[in-house]
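The primary structure of each chain is shown beneath.
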Amino acid sequence: PVLSVLIVSYNTRDVTLACLHSVYACADEVTFEVIVVDNASKDGSAAAIAAEFPQVRLFALPENVGFA
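Residues numbered from 1 in each chain as written. Predicted model: local features only at pLDDT ≥ 70, side-chain atom pairs only at ≥ 80, totals over all residues. Heavy atoms only, no water.

### Some details on unusual backbone geometry
- One non-glycine residue, Asn-11, adopts positive backbone phi at about 55°.
- The exposure class assigned to Asn-11 is partly exposed, which follows from its relative accessible area of 32%.
- The backbone of Ala-40 shows a phi angle near 60°, a positive value even though the residue is not glycine.
- Structurally, the position occupied by Ala-40 is in the loop between β2 (32-38) and α2 (45-52). (Buried < 20%, exposed > 50% of the residue type's maximum accessible area, 1.4 Å probe, protein only. Helix = DSSP H or I, 4+ residues; strand = E, 2+ residues; numbered from the N terminus.)

As structure tokens, then:
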């Protein structure tokens with residue numbers, strides 16, 4: 001990939017999904033990858049991301065390690 005997009009999420013399912021929709025809608029002219037680090041969200045973020053965006057490299061952490 002020419003570009004790597006890294007997103008850190010924590011209990012932001014809807015915002016993160018909207019962000020991912022935007023990235024994929026706007027970045028069609030460049031080769032890119034998307035990496036999401038989910039900091040042990042309790043709102044179903046990781047499952048929703050995996051279901052809607054299987055192409056995303058998702059790291060669903062088992063505990064909030066304060067990555068951001």
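### Looking at the nonpolar core
- Core analysis: the largest hydrophobic core is formed by 13 residues, its most contacted members being Ile-7, Leu-20, Val-34, Val-36, Ile-49 and Val-56.
- Those elements that provide at least two residues to this core are β1 (3-9), α1 (13-26), β2 and α2.
- If we skip the residues at most four places from it in the chain, Ile-49 touches Thr-16, Leu-17, Leu-20, Val-36, Pro-54, Val-56 and Leu-58. (Core = buried A, V, L, I, M, F, W, Y, C linked by side-chain atoms within 4.5 Å. Contact = heavy atoms within 4.5 Å.)

### Observations concerning the packing of α1 against α2
- α2 packs onto α1 with a crossing angle of 25° between their chain directions and a minimal axis gap of 9 Å. Here α1 lies roughly parallel to α2, going by the angle between them. Of the two elements, α1 crosses α2, and the hand of that crossing is right-handed. Counted together, Arg-13, Thr-16, Leu-17, Leu-20 and His-21 of α1 and Ser-45, Ala-48, Ile-49 and Glu-52 of α2 form the full contact between these two elements.
- Its residues assigned to classes, the contact of α1 with α2 comprises four nonpolar, three polar and two charged. (Axes fitted to C-alpha atoms, helices over the stretch in contact; angles between N-to-C directions. Parallel < 35°, antiparallel > 145°, perpendicular 65-115°, else oblique. Left-handed = near helix turned anticlockwise from the far one by under 90°. Nonpolar A, V, L, I, M, F, W, Y, C, P; charged D, E, K, R; others polar.)

Everything listed here is a matter of coordinates, which is why it stays silent on function.
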